[in-house]
Amino acid sequence: MSPHLGWNPARDASQLLTYHFMLNALCAGTIVAVMAGVIGWWMVLRRQSFVGHTLAVVGFPGASGAVWLGLSATWGYFGFCVAAATVIAGLPGRPAMGGFSEESSVIGTVQALALASGFLFASLYGGFLNGTTALLFGSFLGVTNGQVWALLAVAVAALGALVAIGRPLLFASVDPYVAEARGVPVRALSFAFVILLGLAAAEASQITGTLLVFALLVMPAAAAQQLTVRLARSLWLSVVIAVLVTWLGLGVAYFSKYPAGFYITTFGFAAYLLAAASRMIAARSGRWGNVMPRTAASLPTAASRP
Amino acid sequence: MSEAMTSSSEALGAAVAVRAEGASVILGGRMLWSAVDLAVPTGSFVAVLGPNGVGKSTLVRALLGSIPLRTGRLTVLGRPPGAASHEIGYLPQRRSFEPGLRVRGIDIVRLGLDGDRWGMPLMGSSRVSRRARAAAERVAEVIELVGASSYARRPIGGLSGGEQQRLLIAQALVRRPRLMLLDEPLDSLDLPNQGAIAALLARISREHQVTVMMVAHDVNPILPYLDRVVYLAGGSAVEGSPREVITGATLSRLYSAAIEVLETSDGRLVVVGEPEAPHHHSARHDGQ
């Protein structure tokens, strides 16, 4: 039976959940979306998107190398991303946010090498080109139970750590000099965040692929920060957008012959466009452009600032 | 030279918030200043003046305890530097916030209150927790005090330099410090804003008994509000009232060079003949 999209949502949903692989894909997608929505929000706030992208790219040789050696791609992603995060976090840079701009040529060099060696490992494995495509552009087929549990464990640990350091990390991100004077360990927090970002990049790569991680790491957070300047509200909004985009992307991909990575990215882009447009409309009707647009106020976030 | 100044401030009978005795600092192998004696009375509004590169910011950082003294002693609020940091509101030399930063002024002020505490506030805690409510009230109060209520809920990146500076002063004030150390808070502000911020700081120091020490580049916009000045030059410092310190005689002694202080008809002071970076310092008032 091939899945067929009809007009009955209940029947469509039961079709979606018929197969165990699809259930696993939705579970994994949800876990990854929550993690990427939260950590991506911090990454956008800290202007560290370039670091996030580099970490994801380094995951590619990790995953293809692991597959070549007969291991699970999951461990390749996590191992390489965390190792690269440790190296990048240790690079000397300003303690202020976005402190890696000076090393941009170094990071660019490393990205090129990472992609090339990932391609080599994939070729060594036997020229399994479909596998390479899946690693680069995402695939939701064949997510195992073990993989879901690994994603969940890492996400819970990372988000727990983030909750523990949240407030001083915010201080260090937006106002590093005053934070340092107040005794906030700015450098240590920056280090810890890059490690968390490595974990998030490794998780997101497993759904969207190495090259499309920004669909979950950047797009929901950027859209949320367009919609509201209230911190807690935009953080929750980022998670909600990431989860919705992932569900929609996976659901549509299930009924279509085109890949999930494309749909997730397209829905993320649409969310960003809508958010930017509503901010522009609000800027025109209001006096300043930071007025909360009505569309965002009616979203089911129930968020409020303490 | 500084003995006379020290005794005059002690004669006021007020407690001393910041005291330096024979203090010297070496930075990058160079003796920045030495034999510095200060006695800043509690509750006074003090400007730290002097040419570029003379070590004004270094003095502030030494008071914070982040730069060690080579010789001598510093006492800040009756304790060694660094021991009283929870009672000090510090405003570093500032770069403004990035224009695209989507964080509200009120959140920046709030970080000054509890941004160094671990954890993360959860949704709606202000409705259930008395402490969170008290914190929100304190933030609103201090924003009102600096006159920033009308724009505190806008993203700070889009505010003007003067508006950002008021919010940063609120941030430094939010924990009710007894001493405020401000490093060039008037830098990059236009003249009316420089006067307005100085008036605000003078009012805070008077009404709330906060000692305010502010590094400044140009004394004229703030002259009417100052209680005292610390003039750093020639490797040492003089402290006293503005009229005592900014005179040809005192500055000539400090620089060991002939310095003239001219007073314009509207009461502005022009220092002529400073050996280090004289143009940068006096060009601003010449141009007006």
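## A short note on the overall build of chain B
A count of helical and extended segments in chain B gives ten helices and eleven strands. Put simply, chain B has 288 residues, and 55% of those count as buried. Counting contacts in chain B only where the partners sit at least 6 residues apart, residues at least 24 apart contribute 65% of the total. As presented, chain B carries roughly 11,900 Å² of accessible surface, and 52% of it is formed by carbon and sulfur atoms.

## So, the nonpolar core
Formed by 142 residues in total, the largest nonpolar core has its most connected members in Ile39 of chain A together with Ile169, Tyr231 and Ile246 of chain B. Dropping the residues within four chain positions of it, Ile169 of chain B is found in contact with Leu91, Val146, Met180, Ile197, Leu200, Leu201 and Ile204 of chain B. Counting 32 residues, the second-largest nonpolar core is a separate cluster that includes Val18, Ala23, Leu64 and Met213 of chain B.

## Thoughts on the sheet that holds strand 4 (residues 71-76) of chain B
Residues and elements named next belong to chain B. The three strands lie next to each other as 2-1-4, forming an open sheet whose pairing is antiparallel. Sheet topology places strand 2 (30-41) and strand 4 at the edges, where each strand pairs with a single neighbour. Taking each pair of neighbouring strands and ignoring which way they run, the sheet shows an average axis angle of 20 degrees. Alignment of strand 1 (residues 16-27) against strand 2, held across eight bridges, turns out to be antiparallel. Across the sheet, residue Leu27 finds its bridge partner in strand 2, namely Arg30.

## Some words on the packing of helix 7 (residues 145-174) of chain A against helix 9 (residues 186-208) of chain A
Residues and elements named next belong to chain A. The interhelical angle for the contact between helix 7 and helix 9, taken along N-to-C directions, is 150 degrees, at an axis separation of 10 Å. Taken together, the axes of helix 7 and helix 9 lie roughly antiparallel to each other. At the point where helix 7 passes helix 9, the crossing takes the left-handed sense. Contacts between helix 7 and helix 9 involve Gln147, Ala150, Leu151, Val154, Ala155, Ala158, Ala161, Leu162, Ile165, Pro168, Leu169 and Ala172 from the first element and Val186, Leu189, Ala192, Phe193, Leu196, Leu199, Glu203 and Gln206 from the second. Looking at the contact of helix 7 with helix 9 residue by residue, the classes come out as 17 nonpolar, two polar and one charged.

## Things to note about helix 2 (residues 56-64) of chain B
Because each turn of an α-helix spans 3.6 residues, side chains separated by three or four positions in sequence point in the same direction. All names here are of chain B. The buried count for helix 2 comes to seven of nine residues, which makes it a mostly enclosed element. Taken as a whole, helix 2 has its buried residues at Lys56, Thr58, Leu59, Val60, Ala62, Leu63 and Leu64. Two residues or fewer after helix 2 comes Gly65, characterised by a positive phi angle close to 90 degrees.

## A few points about the confidence of the model for chain B
Residues and elements named next belong to chain B. Here chain B averages 85 in pLDDT, and 88% of its residues register 70 or above. For chain B, helix 10 (residues 278-286) is the element with the lowest average pLDDT, namely 39, and strand 7 (residues 211-215) is the one with the highest, namely 96. Segment residues 277-288: pLDDT under 50, and 19 contacts once partners within four positions in sequence are set aside and those in other chains are kept.

## Quick word on the environment of Leu64 of chain B
All names here are of chain B. With respect to the element layout, Leu64 can be found in helix 2. Relative accessible area serves as the criterion here: at 18%, Leu64 is assigned to the buried category. Once the C-alpha coordinates of Leu64 and Gly82 are considered, the two residues, 18 residues apart in sequence, prove to be 5.2 Å apart. With residues near it in sequence (within four places) discarded, Leu64 still touches Pro81, Gly82, Ile88, Tyr90 and Leu181.

## What to know about the pattern of salt bridges
Residues and elements named next belong to chain B. Scanning all chains against the criterion turns up 15 salt bridges over all chains. The shortest N-O distance in the salt bridge between Arg79 and Glu87 comes to 2.5 Å. We note a salt bridge from Arg175 to Asp116, for which the minimum N-O separation is 3.1 Å. Of the two residues, Arg175 sits in the loop between helix 6 (161-173) and strand 6 (179-183) while Asp116 sits in the loop between helix 3 (105-114) and helix 4 (125-128), which places them 59 residues apart along the sequence.

Analysis parameters
Residues numbered from 1 in each chain as written. Chains lettered and ligands numbered in written order. Predicted model: local features only at pLDDT ≥ 70, side-chain atom pairs only at ≥ 80, totals over all residues. Heavy atoms only, no water. Helix = DSSP H or I, 4+ residues; strand = E, 2+ residues; numbered from the N terminus. Buried < 20%, exposed > 50% of the residue type's maximum accessible area, 1.4 Å probe, protein only. Contact = heavy atoms within 4.5 Å. Areas by Shrake-Rupley, 256 points an atom, 1.4 Å probe, with all protein chains shown as cover. Core = buried A, V, L, I, M, F, W, Y, C linked by side-chain atoms within 4.5 Å. Pairing = 2+ DSSP bridges. Axes fitted to C-alpha atoms, helices over the stretch in contact; angles between N-to-C directions. Parallel < 35°, antiparallel > 145°, perpendicular 65-115°, else oblique. Left-handed = near helix turned anticlockwise from the far one by under 90°. Nonpolar A, V, L, I, M, F, W, Y, C, P; charged D, E, K, R; others polar. pLDDT = per-residue confidence, 0-100. Salt bridge = Lys/Arg side-chain N within 4 Å of Asp/Glu carboxyl O.

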